[in-house]
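# A closer look at the structure
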Amino acid sequence: MADPVQHVASLLSGLTQPDTETIRHAEAQLKPILKDPSCMQVLWQIIEGSNDVAVRQVAAIVLRKRISGHFAQWNAGDQQAWQQRVLQAVLHEQVRPVKTGLIAVAAMLFTTPNPIILQFLEQTANNPDPKTRELCFLLLKEMTESIGTHWKEHVHALFHLFSGVLQKPEDGAVQKAAVTALGQLLSFWCEDAELQVISPLLPNLLQVSAHHNDEDVLRSVLDVLYDLAYSTSTGL
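Okay, so let's go over this structure.

## A look at the nonpolar core
- Counting 75 residues, the largest nonpolar core has L12, L43, F137, L140 and F162 as its most contacted members.
- Setting aside its immediate chain neighbours within four residues, F162 contacts F137, L140, A178, A181, L182, L185 and L201.

Pasting the structure below:
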């Protein structure tokens, strides 16, 4: 019997090929495999152990798409173990495309807040390494919808995280990630009471975006200003 890790890795490799038939064949074979909860561990082994960056990246993408359905059926201990595992992997991953994929996986595992993610965000936001601080805000950006819907009681803690990098000199990549994440959250809460708590950061957001003159940052700020211009909230 073929080793399941090697078999799934070969199918994931098929998804990276430029041939439509190869991709369809791989998708057809993967579909029943991914219904088995044990395949989540197989995907994880590929992410950790494969030497093919493209396969690792695809494994992270597939894991993100599939893990939420299995995660809900696991007991609390297994859920927390996976949450810790993914956060540690995100923290130490050096390959940017794989790291981005793992950030998306982490976002799927923390649709509601718990001490694990709250502590992780606090620690990364205050880490001396700018790449680690950037990670905090990349994760917040990916979690915008969940935060906007389920994290309202933590709005003051979020204000603290953002103010820590927007109200003082900071690494450019960190501020870019923070501006984008805050912009998305401001837009999400543009009609909600939480806007009153975080809207005092708007001048800092504008100042930082003007300083960096980055196209992605400017686009994010313009989107925020558009949403706020039509907001009926009294929080501004």
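Now that the structure has been shown, the text picks up again.
## Considerations on helix α7 (residues 115–125)
- Within the sequence span of α7, burial applies to I116, I117, F120, L121, T124 and A125. Down the axis of α7, the smallest arc covering the buried residues is 145°, so these residues share one side.
- Lining the buried residues of α7 we find α5 (76–92), α8 (130–142) and α10 (155–166).
- The backbone nitrogen of I116 has a side-chain oxygen 3.0 Å away, supplied by the residue at the start of α7, namely N114.

## Description of the packing of aromatic side chains
- Here the structure, examined in full by the defined rule, presents five aromatic pairs.
- Taken together, a centroid distance of 5.5 Å and an interplanar angle of 25° make the contact between W74 and W82 stacked.
- Relative to F162, the ring of F137 lies with its centre 5.5 Å away and its plane at 40°, an arrangement referred to as tilted. Remark: F162 occurs in helix α10 and F137 occurs in helix α8; sequence separation between them is 25 residues. Of the two residues, F137 and F162, both sit in the buried class.
- Three or more aromatic residues joined by ring pairs form one cluster here, namely W44, F71, W74 and W82.
- Over the ring of W82 we find R85, and its NZ or CZ is 4.6 Å from the ring centre.

## Looking at the side chain of S209
- With respect to the helices and strands, the residue S209 is situated in helix α13 (residues 202–212).
- A distance of 2.8 Å separates a polar atom in the side chain of S209 from the backbone oxygen of L206.
- Look past the residues within four positions of S209 in its chain and what remains in contact with it is D214, V217, L218 and V221.

## Focus: the packing of helix α11 (residues 172–188) against α13
- Put simply, α11 and α13 touch, their axes get as near as 10 Å, and they point 135° apart. When the axes of α11 and α13 are compared, the pair comes out oblique. Remark: the crossing between α11 and α13 carries left-handed chirality. Residues G172, Q175, V179, L182, G183 and L186 of α11 form the contact with α13, whose own contacting residues are L202, L205, V208 and H212.
- The residue inventory of the contact of α11 with α13, partitioned by class, reads six nonpolar, four polar and no charged.

Calculation criteria
Residues numbered from 1 in each chain as written. Predicted model: local features only at pLDDT ≥ 70, side-chain atom pairs only at ≥ 80, totals over all residues. Heavy atoms only, no water. Core = buried A, V, L, I, M, F, W, Y, C linked by side-chain atoms within 4.5 Å. Buried < 20%, exposed > 50% of the residue type's maximum accessible area, 1.4 Å probe, protein only. Contact = heavy atoms within 4.5 Å. Helix = DSSP H or I, 4+ residues; strand = E, 2+ residues; numbered from the N terminus. Arc of directions from axis to C-beta. Polar contact = N/O pair within 3.5 Å; in protein donor to acceptor, adjacent residues only side chain to side chain. Phe/Tyr/Trp six-rings, centres within 6.5 Å; stacked < 30°, edge-to-face > 60°. Lys NZ or Arg CZ within 6 Å of the ring centre and 35° of its normal. Axes fitted to C-alpha atoms, helices over the stretch in contact; angles between N-to-C directions. Parallel < 35°, antiparallel > 145°, perpendicular 65-115°, else oblique. Left-handed = near helix turned anticlockwise from the far one by under 90°. Nonpolar A, V, L, I, M, F, W, Y, C, P; charged D, E, K, R; others polar.

By themselves, these figures tell us nothing about what the structure is for.
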